[in-house]
Amino acid sequence: MGELSAPDLVGAACDALVSGLDSPTLRRLAALTRAEAAYDVRELLPGVLDELGLVCPPPGSTAGQEAAARVLCRRALRGELSPRALAFWAHRSHGHELPLTARLAELDDAYGTIEYGGPTAAGLDAEVTVEARRLAAGP
């Protein structure tokens, strides 16, 4: 869905191999250098998904946008992305139009009111974390 860089996908392929997944194209993907990744990931990724029996929603589809949102929520819950960054991503990527992430977009709006006596950053971070948990628990 365009949320990860080519080197990130190579790292994910390495993680998949370490966790026990295996296929010929997954091994090829995991072996790419950073320089090769920029050129070869797009070519290899469909084969990896096919060999592993995974379905990837078409880019730009609602299903793809929702899947990307859930992945980023899980990353935020692991501490790889701040709550504020997650809310900003949702707002920037989907505005208030994607029902799944509409609450995150509202919370991103609220971060802009902190200096005017709105909710505190800590309070908003907590609300984003609750929403991230809810979304991450989805399919």
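Residues numbered from 1 in each chain as written. Predicted model: local features only at pLDDT ≥ 70, side-chain atom pairs only at ≥ 80, totals over all residues. Heavy atoms only, no water.

(A) Geometry of the nonpolar core. Membership of the largest hydrophobic core comes to 19 residues, with the highest contact counts inside it found for Cys73, Leu86, Trp89, Leu104 and Val128. Broken down by element, this core gets its largest block of residues, 5 residues, from helix α7 (residues 121–136). Of all hydrophobic cores here, the second largest spans 12 residues; its members include Ala6, Leu26, Ala37 and Leu44. (Core = buried A, V, L, I, M, F, W, Y, C linked by side-chain atoms within 4.5 Å. Buried < 20%, exposed > 50% of the residue type's maximum accessible area, 1.4 Å probe, protein only. Helix = DSSP H or I, 4+ residues; strand = E, 2+ residues; numbered from the N terminus.)

(B) Structural detail: the pattern of salt bridges. What the rule picks out here adds up to 6 salt bridges. A salt bridge links Arg75 to Glu80, with the shortest nitrogen-to-oxygen separation between them at 3.2 Å. Arg75 sits in the partly exposed class, given a relative accessible area of 23%. Overall, Glu80 belongs to the partly exposed group, its relative accessible area being 45%. The salt bridge partner of Glu106 is Arg103, with a shortest N-O separation of 3.1 Å. With Glu106 and Arg103 both in helix α6 (residues 102–111) and 3 residues apart, the pair spans about one turn of that helix. For Arg103, a relative accessible area of 33% gives the class partly exposed. Each of the salt bridges in this network shares a partner with another, and the network as a whole consists of Arg75, Arg78 and Glu80. (Salt bridge = Lys/Arg side-chain N within 4 Å of Asp/Glu carboxyl O.)

(C) Expanded view of the environment of Thr62. As for its placement among the helices and strands, Thr62 is situated in helix α4 (residues 62–77). When the C-alpha positions of Thr62 and Leu98 are compared, they lie 7.9 Å apart, and in sequence the two are 36 residues distant.

(D) Local environment of the environment of Arg27. Note that Arg27 resides in helix α2 (residues 24–30). On the basis of relative accessibility, which here comes to 44%, the residue Arg27 falls in the partly exposed class. Residues Arg27 and Cys14 lie 13 residues apart in sequence; the distance between their C-alpha atoms is 7.9 Å. Not counting the four nearest positions on each side in its chain, Arg27 is found in contact with Leu17 and Asp22. (Contact = heavy atoms within 4.5 Å.)

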